[in-house]
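# Structure assessment
Given next are the chains, with one letter for each unit.
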Amino acid sequence: MSKAAEGPPVTSYIGNALVIAKALDTYGVDGAAALAEVGVDVNAAPTFDTRVPVDLIHEAIIRHAQDGLDPLFGLQFARFINPINYHAFGVMLTSSTSLRAFCQRLERYSAYINTSDLVEFADNGELGYKVAVPARLVGQPFEVLLHESAWAATMLKLIRSVSSPGFAPAQVRFAFSAPEGYTDEFAAYFRCPLVYDSSQTVLCFAEQDLDQPLPGGNAQLARHSEKLVFDYLKTFCEMEIVNAARMALFELLPRGDFSLSSLSGALDLGEEELGNRLKVKGMSYQQL
């Protein structure tokens, strides 16, 4: 469920802006022009590390589509998404060898798509989503449409791209009321039981699906892409200690030097401090 954002400005990956422009086009709005009005030029060739203030994207939507925005906007957004929209992040997810690995990576690196996204993956197969939005936008109808439904639809689109076009979750719970007059479209897209007015938007996966090998999986490509995502994210946000330790081990293991002292040195931490910080996260050096 959306809540007010605090702290640094919320930014979104440029791929989201490109897709927002295409989605706005379907409503009779020149999406690229609408974004250009607020200072986001999607016609310029973006570099892989370009980020856009989320406020600007919302401003473009408010100006041009607020009256005409319908509950299908999130699904329309997802239809224009493909893995390359998110560059290394998309490659990392869709080259995961199992649905469990896909969800674990999404949980670790969700800030790549939106710095305010919080994704939590539970062992029972529930992939939950929360987003913090600017205080002035909390409660706006388009917030639910753009974030909650678009996120769920987009993640399912990416999963289907690496598993099968007919893949369906066991259940989807939405943190918004059933969209009157549009529930059939939601049912057709998600192809599973849907629950509305939930406390959180959650994709629920059957246990037997979590560890089935994905046809498009490639472990080596997934690890390489994950390193690129990690290096990119640490340029603008603090990386969680377990992720940082995992990435350091990726560098140390090929050298055969992965002692606790080498790992703590790579992270610029003392051995005791590293151990304590891992313990807080329910992890240990031996487990890593």
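Note: the structure precedes this text.
Summarised in this report is the structure supplied together with it.

Within the protein chain, the regular secondary structure consists of 13 helices and eight strands. Burial statistics for the protein chain: of 288 residues in total, 50% are counted as buried. At a minimum sequence separation of 6, the contacts of the protein chain that also span at least 24 residues come to 71%. Of the roughly 13,300 Å² of accessible surface on the protein chain, a fraction of 52% belongs to carbon and sulfur atoms.

Buried residues dominate helix α5 (residues 87–94), accounting for six of its eight residues. What α5 keeps buried is the set Ala 88, Phe 89, Gly 90, Met 92, Leu 93 and Thr 94.

Assignment of secondary structure puts Arg 51 in strand β3 (residues 51–53). There is no salt bridge for the buried Arg 51, and the closest opposite charge comes from Asp 117, which lies 8.2 Å off by N-O distance. Within the structure, the side chain of Arg 51 is placed 2.8 Å from the side chain of Thr 11, a separation counted as a polar contact. Polar contacts involving the side chain of Arg 51 include one to the main-chain carbonyl oxygen of Tyr 112, which spans 2.9 Å. Excluding residues that lie within four positions of it along the chain, Arg 51 makes contacts with Thr 11, Ser 12, Tyr 13, Ala 111, Tyr 112, Ile 113, Asn 114, Thr 115, Tyr 232 and Phe 236.

This part takes up helix α6 (residues 99–109). With eight of eleven residues buried, α6 is to be regarded as a mostly interior element. What α6 keeps buried is the set Leu 99, Arg 100, Ala 101, Phe 102, Cys 103, Arg 105, Leu 106 and Tyr 109.

Side-chain alternation along strand β8 (residues 201–204) places Thr 201 and Leu 203 on one buried face and Val 202 and Cys 204 on a second face that is also buried. Both strand β6 (residues 171–173) and β8 contribute to a ladder of three bridges, which runs antiparallel. Among the inter-strand pairings, Gln 171 is bridged to a residue of β8, identified as Cys 204.

Counted by the stated rule, this structure contains nine salt bridges. Linking Glu 226 and Arg 105 is a salt bridge whose minimum nitrogen-to-oxygen distance equals 2.9 Å. On the criterion of sequence distance, the pair formed by Glu 226 in helix α10 (residues 219–233) and Arg 105 in helix α6 is long-range, its members being 121 residues apart. The class of Glu 226 is buried, set by a relative accessible area of 0%.

As a further point, take the environment of Gly 90. Looking at the secondary structure, you find Gly 90 in helix α5. Here Gly 90 falls in the buried class, since its relative accessible area comes to 0%.

Attention now goes to the packing of α5 against α6. Two numbers describe how α5 lies on α6: the axes approach to 8 Å, and their chain directions differ by 150 degrees. Relative to α6, the element α5 is oriented roughly antiparallel. Two secondary-structure elements touch here, α5 through Phe 89, Met 92 and Leu 93 and α6 through Phe 102, Arg 105, Leu 106 and Tyr 109. Its residues assigned to classes, the contact of α5 with α6 shows six nonpolar, no polar and one charged.

All right, on to the packing of aromatic side chains then. This structure, assessed with the given rule, holds 17 aromatic pairs. Centre to centre, the rings of Tyr 13 and Tyr 112 are 4.7 Å apart; their planes meet at 35 degrees, and the pair counts as tilted. Taken together, the residues Tyr 13 in strand β2 (residues 11–13) and Tyr 112 in the loop between α6 and β4 (117–121) connect sequence positions 99 residues apart. Taken as a pair, Tyr 13 and Tyr 112 share a single burial class, namely buried. When the centroid spacing of 5.0 Å and the interplanar angle of 65 degrees are considered together, the rings of Tyr 112 and Tyr 232 count as edge-to-face.

Counting residues in each nonpolar core, the largest one holds 82 residues, and the members touching the most others are Phe 89 and Phe 190. If you tally residues by element for this core, the top one is helix α7 (residues 141–162), at nine residues. With residues up to four places along the chain from it excluded, the contact list for Phe 190 reads Leu 75, Ser 149, Ala 152, Ala 153, Leu 156, Arg 160, Ala 168, Pro 169, Val 172 and Phe 174.

Look at α6 against α10: their axes get within 11 Å of each other, and the N-to-C directions meet at 10 degrees. It follows that α6 is roughly parallel to α10 by the angle criterion. Facing α6, whose interface residues are Arg 105, Arg 108 and Tyr 109, α10 presents Ala 222, Arg 223, Glu 226, Val 229, Phe 230 and Leu 233.

What follows is about unusual backbone geometry. The backbone of Arg 191 shows a phi angle near 55 degrees, a positive value even though the residue is not glycine. Mapping Arg 191 onto the fold places it in the loop between α8 (183–190) and β7 (194–195).

Definitions and limits used
- Residues numbered from 1 in each chain as written.
- Predicted model: local features only at pLDDT ≥ 70, side-chain atom pairs only at ≥ 80, totals over all residues.
- Heavy atoms only, no water.
- Helix = DSSP H or I, 4+ residues; strand = E, 2+ residues; numbered from the N terminus.
- Buried < 20%, exposed > 50% of the residue type's maximum accessible area, 1.4 Å probe, protein only.
- Contact = heavy atoms within 4.5 Å.
- Areas by Shrake-Rupley, 256 points an atom, 1.4 Å probe, with all protein chains shown as cover.
- Lys, Arg positive; Asp, Glu negative; His and termini not counted.
- Salt bridge = Lys/Arg side-chain N within 4 Å of Asp/Glu carboxyl O.
- Polar contact = N/O pair within 3.5 Å; in protein donor to acceptor, adjacent residues only side chain to side chain.
- Pairing = 2+ DSSP bridges.
- Axes fitted to C-alpha atoms, helices over the stretch in contact; angles between N-to-C directions.
- Parallel < 35°, antiparallel > 145°, perpendicular 65-115°, else oblique.
- Nonpolar A, V, L, I, M, F, W, Y, C, P; charged D, E, K, R; others polar.
- Phe/Tyr/Trp six-rings, centres within 6.5 Å; stacked < 30°, edge-to-face > 60°.
- Core = buried A, V, L, I, M, F, W, Y, C linked by side-chain atoms within 4.5 Å.

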